[in-house]
Amino acid sequence: MKIIMLGAPGAGKGTQAKMISEKYHIPHISTGDIFRANIKNGTELGTEAKKYMDQGLLVPDELTVRILLDRVSNEDCTEGYVLDGFPRTIPQAEVLDHALEELGDKIDYAINIDIADEVIVSRMSGRRACLTCGATYHTEYIIPVKEGICDKCGSELILRDDDKAETVLKRLQVYHTQTQPLIDFYENKKVLKSVDGTKKLEMVFEEICTLLD
Ligand code: AMP
């Protein structure tokens, strides 16, 4: 099963993608996580990506597509995957489509988590992330057992630079101009499913599972 998560930054794509990954035993692939791991390890790719990420801008398609295609060609992806944060532009979606077409394959579901900008802004300021293992938390909705510490690996939780208020507003603007057109793109391919992202995350997940089962 090949799934794409769509929705504005802060809609809850990452959290839902992780839950889907666990339930359906398919890898969760987040281009944002791949970039952050590269930044942390001080790679050339990380240095290049950080220039864009810190400003709330998208990393150029050429670079992003190369990384994604490389990742989905791994053996653990043969039974499917859930993509979180990719594609984010029409050209990215087209490249993925062509790559799958060449393998006689296609995306099965594009799940759009629908949510208003105002709700997102208030949610994102409470978001906390673990840069060591990629786990995400929230000061109100997903509270770690010990404040400021990751339940999974014990590292310190931080407010990511790209979750800070001014960056969030920029990211929403970028989302509306560059990523939102993907909703029509996948609607035309008859694989789009929308869920109400303002509901509690367990309810959103239930709705998604009903669509997938
Ligand atoms: P995320 O963790 O998915 O919210 O991504 C964090 C940041 O990484 C984004 O704001 C972009 O700067 C960059 N990024 C992640 N995925 C992509 C993508 N598919 N295309 C371009 N930039 C991306």
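Read on for an overview of the structure. Source: prediction; values computed, not measured. (Residues numbered from 1 in each chain as written. Predicted model: local features only at pLDDT ≥ 70, side-chain atom pairs only at ≥ 80, totals over all residues. Heavy atoms only, no water.)

Right, let's get into the sheet that holds strand E8 (residues 192–196). Spatial strand order, E2-E3-E1-E4-E8: 5 strands in an open sheet with parallel pairing. Of all the strands in the sheet, the pair left with one neighbour each is strand E2 (28–30) and E8. For this sheet, the mean angle separating the axes of adjacent strands, direction not counted, is 25°. As paired elements, strand E1 (residues 2–6) and strand E4 (residues 109–114) share 4 bridges and run parallel to each other. For isoleucine 4, the partnering residue across the bridge sits in E4 and is alanine 110. Those strands touched by helix H2 (residues 31–40) are E2 and strand E3 (81–84), and its axis lies near 65° from that of E2. (Pairing = 2+ DSSP bridges. Helix = DSSP H or I, 4+ residues; strand = E, 2+ residues; numbered from the N terminus. Axes fitted to C-alpha atoms, helices over the stretch in contact; angles between N-to-C directions. Contact = heavy atoms within 4.5 Å.)

What follows concerns the environment of serine 122. As for its position among the elements, serine 122 is in helix H6 (residues 117–124). A residue is classified by how much of its surface remains accessible, and serine 122, at 46% relative accessible area, is partly exposed. (Buried < 20%, exposed > 50% of the residue type's maximum accessible area, 1.4 Å probe, protein only.)

Quick look at the site of the ligand now. Near the ligand there are 16 residues, and of these Thr31, Leu57, Gly85, Gln92 and Arg171 occur at the shortest range. Here a nitrogen atom of the ligand and a side-chain polar atom of arginine 88 are 2.9 Å apart. Glutamine 92 is positioned such that a nitrogen or oxygen atom in its side chain is 2.9 Å from a nitrogen atom of the ligand. Computed on the free molecule, the ligand has an accessible area of 480 Å², of which 96% lies beneath the protein chains in the complex. Class assignment for the residues of the shell around the ligand results in 6 nonpolar, 5 polar and 5 charged. (Near = heavy atom within 4 Å. Polar contact = N/O pair within 3.5 Å; in protein donor to acceptor, adjacent residues only side chain to side chain. Areas by Shrake-Rupley, 256 points an atom, 1.4 Å probe, with all protein chains shown as cover. Nonpolar A, V, L, I, M, F, W, Y, C, P; charged D, E, K, R; others polar.)

For the rest of this paragraph, the subject is H6. The set of residues buried in H6 consists of Ile120, Arg123 and Met124. For H6, the buried positions fall inside an angular range of 85° around the axis, keeping them on one side. Residues of H6 that are buried sit in contact with strand E5 (127–130), strand E6 (136–138) and helix H7 (165–179). (Arc of directions from axis to C-beta.)

Now for the packing of H2 against helix H4 (residues 61–72). Contact geometry of H2 with H4 gives a least axis separation of 11 Å together with a crossing angle of 105°. Relative to H4, H2 is oriented roughly perpendicular. Residues Thr31, Ile34 and Phe35 of H2 lie in contact with H4, whose contacting residues are Thr64, Ile67, Leu68 and Arg71. Taken together, the residues that form the contact of H2 with H4 break down as 4 nonpolar, 2 polar and 1 charged. (Parallel < 35°, antiparallel > 145°, perpendicular 65-115°, else oblique.)

It is worth spelling out the side chain of threonine 89 at this point. Mapping threonine 89 onto the fold places it in the loop between E3 and helix H5 (90–102). At 3.1 Å, the side chain of threonine 89 and the side chain of aspartate 61 are in polar contact. Polar contacts involving the side chain of threonine 89 include one to the main-chain amide nitrogen of glutamine 92, which spans 3.2 Å. Look past the residues within four positions of threonine 89 in its chain and what remains in contact with it is Leu58, Asp61, Gln178 and Leu182.

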